[in-house]
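Tertiary structure, described
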Amino acid sequence: MIYLNGSFIRIEDARISVLDRGFIFGDGVYEVLPVYSHKPFRLTEHLRRLQDSLDGIRLKNPHSDVEWKGLLDQIIASNEGNDQYLYLHITRGVAPRDHSFPKDVIPTVFIMSTPLLGSPKELLTTGVSAITANDNRWLRCDIKAISLLPNVLLRQMATDSNAVDTLLLREGFLTEGSSSNIFVIKNEILLAPPKSHLMLPGITYDVVLELADAHDIPYEIREISEYDMRTAHELLLTSSTKEIMPITRLDGKLVGSGKPGKMFAQLHQLYQNYKATIMRETS
Ligand code: PDD
């Protein structure tokens, strides 16, 4: 079951106009949030980021937070799986083709759910491969825009190399992955690129830094040079759907020992504990 513009319907029955500005211009924003044991994870934070993205493209939020929560709860209840992930898409709606904003148009709102299976256990034991590329995206990567063509092309480069993601470098500094945030570990210090218009402010990124703070894990939020990245002892990838994953090969070379490291083990465990606590509190 999906939600589209006021109706809960089967995905096979969902229809949108070919003049939808999402289709014509990629004019819209989206959110992705995990659901554990039927409870949306970090909902407030995801809805705040959605608001920031909508503000970034000058589109009025079609729903209050309470309304969003009601819609999401219905989608969660009408889809299978205790754990799911939800996509929320909002476009500027249907209008005659013209780059400028149409007046008085109702935004298109689409929500769908997919079962959240989690990363295969063996990948957490062996780690995954990543490659690098120049970050050739626009300068508002903080907006979670549906116009993802650069990300799609960058991610396909990873897929073509049997890697999970492409780590992006802008003017010699690491920004993020094509669909993830990246942390670097050097000399037992967790390094995180600073939030800016050059990266998406990841919700999982925030959780990782909060956990580091709460458990006295030394961390620094600072620009990470290509040299720091290539000489890292560990590299971690984070996202709502992949949680925390160890990158053990970069551009075909081993990262550190080539095995998931101590920082990964600690943060992965803390993340699982944190999730369990949150779910207990909200049930
Ligand atoms: N992607 N950076 C980019 C470019 C992303 O697309 C994502 C997530 C992240 C991680 O953000 P978060 O921790 O809030 O998921 C960082 C999602 C999963 C997607 O677009 O499908």
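From a predicted model like this one, the values you see are computed outputs, not experimental measurements. (Residues numbered from 1 in each chain as written. Predicted model: local features only at pLDDT ≥ 70, side-chain atom pairs only at ≥ 80, totals over all residues. Heavy atoms only, no water.)

Side note on a nonpolar patch on the surface
- On the surface, Val-18, Leu-19, Phe-23 and Val-94 cluster together into a nonpolar patch covering about 390 Å² of accessible area.
- Inspection of the secondary structure puts Phe-23 in helix H1 (residues 21–25).
- Classification of Phe-23 as exposed rests on a relative accessible area of 61%. (Patch = residues over 30% accessible without salt bridge, like charges linked within 9 Å, V, L, I, M, F, W, Y side chains within 5 Å. Areas by Shrake-Rupley, 256 points an atom, 1.4 Å probe, with all protein chains shown as cover. Salt bridge = Lys/Arg side-chain N within 4 Å of Asp/Glu carboxyl O. Helix = DSSP H or I, 4+ residues; strand = E, 2+ residues; numbered from the N terminus. Buried < 20%, exposed > 50% of the residue type's maximum accessible area, 1.4 Å probe, protein only.)

Quick notes on the domain arrangement of the protein chain
- When its domains are assigned, the protein chain resolves into domain 1 (2–115) and domain 2 (121–279).
- With centres defined by C-alpha atoms, the gap from domain 1 to domain 2 works out at 26 Å.
- Each partner contributes residues to the interface: domain 1 has 22 residues there, and domain 2 has 20 residues.
- Summing the contributions of domain 1 and of domain 2, the shared interface buries around 1,900 Å²; its carbon and sulfur component is 66%.
- For the pair domain 1 and domain 2, the number of links is one salt bridge.
- For Glu-210, the salt bridge goes to Arg-42, with nearest N and O atoms at 2.6 Å.
- Seen at the junction of domain 1 and domain 2, the total is eight residue pairs in polar contact (both at pLDDT 80 or more).
- When residues of the side of domain 1 that touches domain 2 are traced back to their parent elements, those giving at least two are strand S3 (28–36), helix H2 (43–56) and strand S5 (84–91).
- By residue number, the principal contributor to the side of domain 1 that touches domain 2 is S3, which donates seven residues.
- The residue makeup of the side of domain 1 that touches domain 2, split by class, is eight nonpolar, eight polar and six charged. (Domains from an automatic or database assignment. Contact = heavy atoms within 4.5 Å. Buried area = accessible area lost by both parts, 1.4 Å probe. Polar contact = N/O pair within 3.5 Å; in protein donor to acceptor, adjacent residues only side chain to side chain. Nonpolar A, V, L, I, M, F, W, Y, C, P; charged D, E, K, R; others polar.)

Here we look at the site of the ligand
- Inspection of the region around the ligand gives 20 residues, with Tyr-30, Tyr-87, Glu-176, Thr-204 and Ser-240 positioned closest.
- Measuring from an oxygen atom of the ligand, one finds a side-chain N or O atom of Lys-144 at 3.2 Å.
- Between the ligand and Ser-179 there is a distance of 3.5 Å, counted from a nitrogen atom to a backbone nitrogen or oxygen.
- Protein contacts shield 92% of the accessible area of the ligand, which totals 480 Å² for the unbound molecule.
- For the shell around the ligand, the secondary structure elements donating two or more residues are S3, strand S9 (173–177), helix H6 (203–214) and strand S13 (234–239).
- Counted by class, the shell around the ligand contains five nonpolar, twelve polar and three charged residues.
- There are two domains that each give the shell around the ligand at least three residues, and those are domain 1 (2–115) and domain 2 (121–279). (Near = heavy atom within 4 Å.)

Overview of the side chain of Asn-181
- Mapped onto the secondary structure, Asn-181 falls in strand S10 (residues 181–186).
- Judged by relative accessible area, which is 5%, Asn-181 ranks as buried.
- At 3.4 Å, the side chain of Asn-181 forms a polar contact with the backbone nitrogen of Gly-202.
- When residues no more than four places from it in sequence are discounted, the contact partners of Asn-181 are Glu-176, Met-199, Leu-200, Gly-202, Tyr-205, Leu-236, Leu-237 and Thr-238.

Side note on H6
- Given a rise of 1.5 Å per residue, twelve residues ought to cover 16 Å, and the 17 Å separating the end C-alpha atoms of H6 matches this to within 8%.
- What H6 keeps buried is the set Ile-203, Thr-204, Tyr-205, Val-207, Val-208, Leu-209, Leu-211 and Ala-212.
- Phi turns positive one or two residues past the end of H6, at Asp-216, with a value near 55°. (Expected span 1.5 Å × (residues − 1).)

A word on unusual backbone geometry
- For Glu-171, which is not glycine, the phi dihedral falls at a positive 50°.
- Position of Glu-171 relative to the elements: it lies in the loop between strand S8 (165–170) and S9.
- The backbone of Glu-243 sits at a positive phi, close to 55°, despite the residue not being glycine.
- Tracing the backbone shows Glu-243 in strand S14 (residues 243–250).
- On the accessibility criterion, Glu-243 (13% relative accessible area) is buried.

Here we look at the sheet that holds S5
- Read across the sheet, six strands follow the order S2-S1-S6-S5-S3-S4 without closing on themselves; strand pairing throughout is antiparallel. The open sheet has two edge strands, strand S2 (7–9) and strand S4 (39–40), and neither has a second partner.
- Here strand S1 (residues 2–4) runs beside S2; their pairing, made up of three bridges, is antiparallel. Bridging from a neighbouring strand, Tyr-3 pairs with Phe-8 of S2.
- Against the sheet, H2 contacts S3, S4 and S5, and its axis sits at roughly 175° relative to S3. (Pairing = 2+ DSSP bridges. Axes fitted to C-alpha atoms, helices over the stretch in contact; angles between N-to-C directions.)

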